[in-house]
Amino acid sequence: MEAYQTQASVLLFVNILADFPIPLEPHDRSEQLKKSGLGKVIMLLSKSEEEITPNKKLAWDLIEKWSQSSVTGEFH
């Protein structure tokens, strides 16, 4: 259970960071997510059958936030 708590903490931290304005064009943001591999990890957590529901929800919330930012150009 400790691993799930760690994953939850990381997901919360990344969600908080996603709220900070980042002075990049939407395309550049997408490229940075691809290069970092963070997007893949978050997507994996959101789809994993082994992941607990609260962590999956946090991951999906972050994916939605990133998806909206690619359309609107903002992280809010």
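A brief look at the structure comes next. Worth saying up front: this structure is predicted, and the values here are computed from it rather than measured.

## Observations regarding the pattern of salt bridges
Applying the stated criterion across every chain, the model contains one salt bridge. Between D61 and K57 there is a salt bridge, and its shortest N-O distance comes to 2.9 Å. With D61 and K57 both in helix α4 (residues 53-72), this residue pair falls four residues apart, about one helical turn. Relative accessible area serves as the criterion here: at 28%, D61 is assigned to the partly exposed category.

## Here we look at the environment of L45
Summarising the element assignment, L45 is placed in helix α3 (residues 38-47). Contact partners of L45, with chain neighbours within four places excluded, come to Q7, L11, E51, K56 and A59.

## Here we look at α3
Residues I42, L45 and S46 constitute the buried set of α3. For α3, the arc enclosing every buried residue in end-on projection is 100°, short of the 170-degree limit, so these residues lie on one face. Facing away from the buried side of α3 by more than 90 degrees, the exposed set consists of K40, L44 and K47.

## Concerning the environment of Q7
Following the sequence through the fold, Q7 ends up in helix α1 (residues 2-18). Residue classification places Q7 among the partly exposed residues on the basis of a relative accessible area of 26%. Along the sequence, Q7 and A59 sit 52 residues apart, while their C-alpha atoms lie 9.9 Å from each other. Those residues in contact with Q7 that sit more than four places away from it in its chain are L45, E51 and N55.

## Details of the side chain of E51
Inspection of the secondary structure assignment puts E51 in the loop between α3 and α4. Buried E51, no salt bridge; nearest opposite-charge side chain is K56, N-O distance 8.6 Å. In terms of polar contacts, E51 uses its side chain to reach the side chain of N55, at 2.7 Å. Sequence-distant contacts of E51, defined by excluding residues within four places in its chain, comprise Y4, Q7, L45 and K56.

## Thoughts on the nonpolar core
Judged by nonpolar contacts, A8, L11, V14, I42, L45, L58, A59, L62, I63 and W66 together constitute the single largest core of 10 residues. Among the elements of the structure, α1, α3 and α4 are those that each provide at least two residues to this core. Counting residues per element, this core draws most heavily on α4, at five residues.

Procedures and definitions
- Residues numbered from 1 in each chain as written.
- Predicted model: local features only at pLDDT ≥ 70, side-chain atom pairs only at ≥ 80, totals over all residues.
- Heavy atoms only, no water.
- Salt bridge = Lys/Arg side-chain N within 4 Å of Asp/Glu carboxyl O.
- Helix = DSSP H or I, 4+ residues; strand = E, 2+ residues; numbered from the N terminus.
- Buried < 20%, exposed > 50% of the residue type's maximum accessible area, 1.4 Å probe, protein only.
- Contact = heavy atoms within 4.5 Å.
- Arc of directions from axis to C-beta.
- Lys, Arg positive; Asp, Glu negative; His and termini not counted.
- Polar contact = N/O pair within 3.5 Å; in protein donor to acceptor, adjacent residues only side chain to side chain.
- Core = buried A, V, L, I, M, F, W, Y, C linked by side-chain atoms within 4.5 Å.

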